[in-house]
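# Fold and contact review
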Amino acid sequence: MRQTNFNKTRTLLIAFLFLFIGIAGISGQELIPRNYIAFKANEALVIDGKGDDASWQIATWSQDYIDIEGKMTPKYRTRMKMLWDNDYLYVMAEMDEPHVWATLKQRDTVIFYNNDFEIFIDPDGDTHNYYEYEMNAHNTLWDLFLTKPYRNHGKVIDSWDIQGVKSAVSIDGTLNDSSDTDKGWTVEIAIPWKVITEASNGSNVPENDFWRINFSRVNWNFDLTDGRYTRKKDDKGKFLPEYNWVWSPQGVINMHEPEHWGYVYFSSEEAGGKDSFSIPQDDYIKWHLYSLYRGVLQGKKGAEKQVATPKNILGKSIKSNLDKHRFGYNIWVKSPFTGKILKISEDGRFRSVDDNK
């Protein structure tokens, strides 16, 4: 995935507006991740890509996706729903698209070379040991496990599979037919808990708890050659860059900064019920620590001094610490909200521990 820096100062008025629509900045600098409440399914779901089960009909749609940097409204609409039961995490996504096409049919090939739908899951929110899942309109899958983000030089385990995953695609139109105009495509996915809880704390289904999750849709400009769709190239024969449309904005063209991912809360209430969720106060500090960490990791001028600069977070003055040691460093702070030590180590892993440990 391509990367770029995102460092644009917003006025207080713009920040307040963004907060109102759910993608706001903290002091005009940090994007607040979106959140979603996933309710329990009322019945066993049939994975056919249609989403016509009773539970899906009353499940809540997410906000429309936005471009990955959080700046623009995408050309085509994307939205999703989530449900869960004791066996599966369910996702359904609806994507408007006048030209539904796909060419890749071999599992675990690089699916985002086609238009695709992607899921990223970090169960314990420490940015390490997370899952990536991609699929195209052929219902071809690519699933992999990453021990660390690319910035931290972790392992990408491509041979890892989500054993028992179920998926289906429904197309409102005709696949790979350039002679007509389609309306879009819908994906429906059932991911077994027994697989994706392997990297979670306690390996339990997160009932009445949250995970860090994000969704991405990759969309390409295309060329037609004898009626066949291909990714569009520029005058020099290079592929034009893809569009990245996401549920929760990253602020940077890089899905592999898990600290920006959204919050999905798994309510014990059944679909059609009511529940509420608030992002923990410590997580507002956590986003700030990651902002400092990225500066230190990238060697930005003045980044180490910036660590000690106090920042107002939720009405509290937060002054972080940079401790260097023989094998690296830690950026940490004691939370005024919980009394816990919030720490990011040199490899980017986040930990929240009691002060007496």
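A brief look at the structure comes next. Here, residues in each chain are numbered from 1, in the same order as that chain's written sequence. In view of the model being predicted, local features appear only for residues whose pLDDT reaches at least 70, and side-chain atom pairs are presented and counted only at 80 or more, with totals across whole chains, interfaces and linings using the full set of residues. Derived side-chain values reflect all non-hydrogen atoms in the structure, with water molecules and hydrogen atoms excluded from consideration.

## What to know about the overall build of the protein
Secondary structure elements are taken from DSSP: a helix is a run of H or I of four residues or more, a strand is a run of E of two residues or more, and numbering for both begins at the N terminus. Secondary structure summary: the protein contains 5 helices and 23 strands in total. We compute the radius of gyration over the C-alpha atoms and compare it with the globule rule, which gives 2.2 Å times the number of residues raised to the power 0.38. Over its C-alpha atoms the protein spans a radius of gyration of 21 Å, differing by no more than 12% from the 21 Å that the globule rule assigns to 357 residues. Seen along its three principal axes, the alpha-carbon backbone of the protein occupies a region of about 60 × 55 × 45 Å. For each residue, the accessible area found with a 1.4 Å probe, counting protein chains only, is set against the maximum for its type, and the residue is called buried under 20%, exposed over 50%, and partly exposed in between. Burial status across the protein gives 52% buried among its 357 residues. About 16900 Å² of surface is accessible on the protein, with carbon and sulfur atoms providing 47% of the total. One way to put it: in the protein the 44 positive side-chain charges average out to a point 8 Å from where the 50 negative ones average out. Using a 1.4 Å probe, the Shrake-Rupley method yields the accessible areas, and only the shown protein chains count as cover for residues. Under this rule, positive means Lys or Arg and negative means Asp or Glu; His and the chain ends count for nothing. Think of each charge as sitting on NZ of Lys, CZ of Arg, CG of Asp or CD of Glu.

## Here's the deal with the sheet that holds strand β22 (residues 341-345)
Pairs of strands are assigned from DSSP output, requiring at least two bridges between the strands. Pairing in this open sheet of 4 strands is antiparallel, and the strands run β20-β21-β22-β23 from one edge to the other. With one partner strand each, in any of the chains shown, β20 (321-325) and β23 (350-353) form the two edges of the open sheet. Ignoring strand direction, the axes of neighbouring strands in this sheet form an average angle of 25°. In terms of strand pairing, β22 meets β23 through 4 bridges, oriented antiparallel. Within β23, the residue paired with Ile344 across the bridge is Phe350. Orientation is described by lines fitted to C-alpha atoms, with helices fitted over the stretch in contact, and by angles between N-to-C directions that extend from 0 to 180 degrees.

## Some words on the layout of surface pockets
The volume enclosed by the second largest pocket comes to roughly 610 Å³. The rule is simple: put a 1 Å grid over the protein atoms alone, call a set of points where a 1.4 Å probe fits but cannot get out a cavity, call an open set with protein on both sides within 12 Å along at least five of seven lines a pocket, and count a residue as lining if it has an atom within 4 Å of a point. Looking at the second largest pocket, it is lined by 23 residues, and the ones nearest its centre are Asp124, Gly125, Asn201, Phe350 and Ser352. Breaking the lining of the second largest pocket down by element, the ones donating at least two residues are β13 (209-219), α4 (281-297) and β23. Looking at the lining of the second largest pocket, its residues break down into 7 nonpolar, 6 polar and 10 charged. Grid points are joined across faces, edges and corners, and a volume is the space filled by probe spheres set on the points. Note on residue classes: Ala, Val, Leu, Ile, Met, Phe, Trp, Tyr, Cys and Pro are nonpolar, Asp, Glu, Lys and Arg are charged, and everything else, Gly too, is polar.

## Focus: the environment of Asp209
Within the secondary structure, Asp209 is located in strand β13. Sequence-wise, Asp209 and Leu45 are 164 residues apart; in three dimensions their C-alpha atoms are separated by 22 Å. Every residue pair with non-hydrogen atoms within 4.5 Å of one another is taken to be in contact. Residues in contact with Asp209, not counting those within four places in the same chain, are Val264, Tyr265 and Phe266.

## Considering the pairing of strand β8 (residues 130-135)
In terms of burial, β8 is a largely internal element, 6 of the 6 residues being buried. A two-sided burial pattern is seen for β8, the buried positions comprising Tyr130, Glu132 and Glu134 on one face and Tyr131, Tyr133 and Met135 on the other. For strand β7 (residues 116-122) and β8, the ladder comprises 5 bridges, and the chain directions are antiparallel. When the bridges of β8 are listed, Glu118 appears paired with Glu134. Here β8 pairs with strand β9 (residues 141-146) via 6 bridges, running antiparallel. Across the sheet, residue Tyr131 finds its bridge partner in β9, namely Phe145. Hairpin remark: β8 followed by β9, antiparallel, with 5 residues in the connecting loop; positive phi at Asn139, about 65°.

## Section: the packing of aromatic side chains
Each Phe, Tyr or Trp ring, with Trp reduced to its six-membered ring, pairs with another whose centre is within 6.5 Å; inter-plane angles below 30 degrees give stacked pairs, above 60 give edge-to-face pairs, and intermediate values give tilted ones. Per the stated rule, a full pass over the model turns up 26 aromatic pairs. Residues Tyr293 and Tyr329 carry aromatic rings whose centres are separated by 6.5 Å and whose planes lie at 40° to one another, so their mutual orientation is tilted. A residue pair is termed long-range when its members are at least 10 positions apart, and Tyr293 in helix α4 and Tyr329 in strand β21 (residues 328-334) qualify at 36 residues. Exposure class is identical for Tyr293 and Tyr329. Each is buried. Put simply, the rings of Phe210, Tyr263, Tyr265, Phe277, Tyr284 and Trp287 touch in pairs and so form one group of aromatic residues. Our definition puts a charge over a ring when NZ of Lys or CZ of Arg is within 6 Å of the ring centre and also within 35 degrees of the ring normal. The ring of Trp61 is capped by Arg79, whose NZ or CZ atom sits 3.9 Å from the centre of that ring. One cation-aromatic arrangement involves Arg231 over Phe239; the distance from NZ or CZ to the ring centre is 3.7 Å.

## A closer look at the nonpolar core
Residues Met82, Phe117, Ile119, Ile189 and Phe215 are the most contacted members of the largest nonpolar core, which totals 39 residues. Filtering out sequence-adjacent residues up to four positions away, Met82 remains in contact with Tyr36, Ala38, Phe39, Trp56, Leu89, Tyr90, Val91, Ile213, Phe215 and Val264. The definition of a nonpolar core used throughout is a set of buried Ala, Val, Leu, Ile, Met, Phe, Trp, Tyr and Cys residues joined through side-chain atoms within 4.5 Å. One finds Phe39, Phe277, Ile279 and Ile318 within the second-largest nonpolar core, a separate group that totals 37 residues.

## Describing the pairing of strand β17 (residues 262-270)
Successive side chains on a regular strand alternate, one facing one side of the sheet and the next facing the other. Direction of pairing for strand β3 (residues 35-40) relative to β17: parallel, over a ladder of 5 bridges. When the sheet's bridge partners are listed, Asn35 is paired in β17 with Tyr263. Direction of pairing for β13 relative to β17: antiparallel, over a ladder of 5 bridges. Across the sheet, the residue bridging to Arg212 is Tyr263, located in β17.

## Considering the pattern of salt bridges
By convention in these notes, a salt bridge is any Lys or Arg side-chain nitrogen within 4 Å of a carboxyl oxygen on Asp or Glu. Taken as a whole and judged by the stated rule, the model has 14 salt bridges. A salt bridge links Arg294 to Glu259; its shortest N-O distance comes to 2.8 Å. Of this pair, Arg294 sits in helix α4 while Glu259 is found in the loop between β16 (243-246) and β17, placing the two residues 35 residues apart along the sequence. Connected through salt bridges with shared partners, the residues Arg151, Glu257, Glu259 and Arg294 form a single ionic network.

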